[in-house]
Amino acid sequence: MEKVAYLNMKTRMSHTEIMNLPYAIFLSYLKQYQMFDLMSTSEGREYLEKVERVKQTEPDFAKLRKVSGYKAGEK
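Here's what I pulled together on the structure shown here. The shown structure was predicted, so the numbers you read here are calculated from the model rather than taken from an experiment.

## Details of the pattern of salt bridges
- For the structure on display, the rule yields three salt bridges.
- Between K10 and D37 there is a salt bridge, with the nearest N and O atoms lying 2.8 Å from each other. Linking K10 in helix α1 (residues 2–11) with D37 in helix α3 (residues 23–39), this pair joins segments that are 27 residues apart in sequence.
- Looking at K10, the relative accessible area reads 31%, which means it is partly exposed.
- In this structure, K50 engages E46 in a salt bridge whose closest nitrogen and oxygen atoms are separated by 3.5 Å. Taken as a pair, K50 and E46 lie in helix α4 (residues 42–55) at a separation of four residues, close to a single helical turn.
- Classification of E46 as partly exposed rests on a relative accessible area of 44%.

Written as structure tokens, this is what we have:
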């Protein structure tokens, strides 16, 4: 119920309107309003940057080369 109350406060929709939303729309509203709240503070922006780094699946070869001392084209 806390998420319904949160959306009620943010969207000014009634409890009934929120409960009648399709589940995907409910989750979308919830995600977007939570992201807006996080982006409004420096701590929240820092958290979102960390989350984005964790979600990255491709390695950054340039950074890896700096750490290991490996240089492309050298033997």
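## Considerations on the packing of α3 against α4
- Contact geometry for α3 and α4: axes closest at 6 Å, N-to-C directions at 120°. By the angle between their directions, the pair α3 and α4 is classed as oblique. For the pair α3 and α4, contact is made by M35, L38 and M39 and by G44, R45, Y47 and L48, respectively.
- The class makeup of the residues in the contact of α3 with α4 is five nonpolar, one polar and one charged.

## Examining the packing of α1 against α3
- Between α1 and α3, the least distance of the axes is 10 Å, while the angle of their chain directions is 70°. Judged by the inter-axis angle, α1 sits roughly perpendicular to α3. Along this stretch, α1 crosses α3, giving a crossing that reads as left-handed. Across the interface between the two elements, K3, V4, Y6, L7, K10 and T11 of α1 pack against F26, Y29, L30, Y33, Q34 and D37 of α3.
- For the contact of α1 with α3, a count of residues per class yields seven nonpolar, two polar and three charged.

## Notes on the nonpolar core
- Counting eight residues, the largest nonpolar core consists of V4, Y6, L7, M13, I18, L21, F26 and L30.
- Of the residues forming this core, the biggest block, three residues, is contributed by α1.
- If we skip the residues at most four places from it in the chain, M13 touches N8, I18, L21 and Y29.

Reading the values: the criteria
Residues numbered from 1 in each chain as written. Predicted model: local features only at pLDDT ≥ 70, side-chain atom pairs only at ≥ 80, totals over all residues. Heavy atoms only, no water. Salt bridge = Lys/Arg side-chain N within 4 Å of Asp/Glu carboxyl O. Helix = DSSP H or I, 4+ residues; strand = E, 2+ residues; numbered from the N terminus. Buried < 20%, exposed > 50% of the residue type's maximum accessible area, 1.4 Å probe, protein only. Axes fitted to C-alpha atoms, helices over the stretch in contact; angles between N-to-C directions. Parallel < 35°, antiparallel > 145°, perpendicular 65-115°, else oblique. Contact = heavy atoms within 4.5 Å. Nonpolar A, V, L, I, M, F, W, Y, C, P; charged D, E, K, R; others polar. Left-handed = near helix turned anticlockwise from the far one by under 90°. Core = buried A, V, L, I, M, F, W, Y, C linked by side-chain atoms within 4.5 Å.

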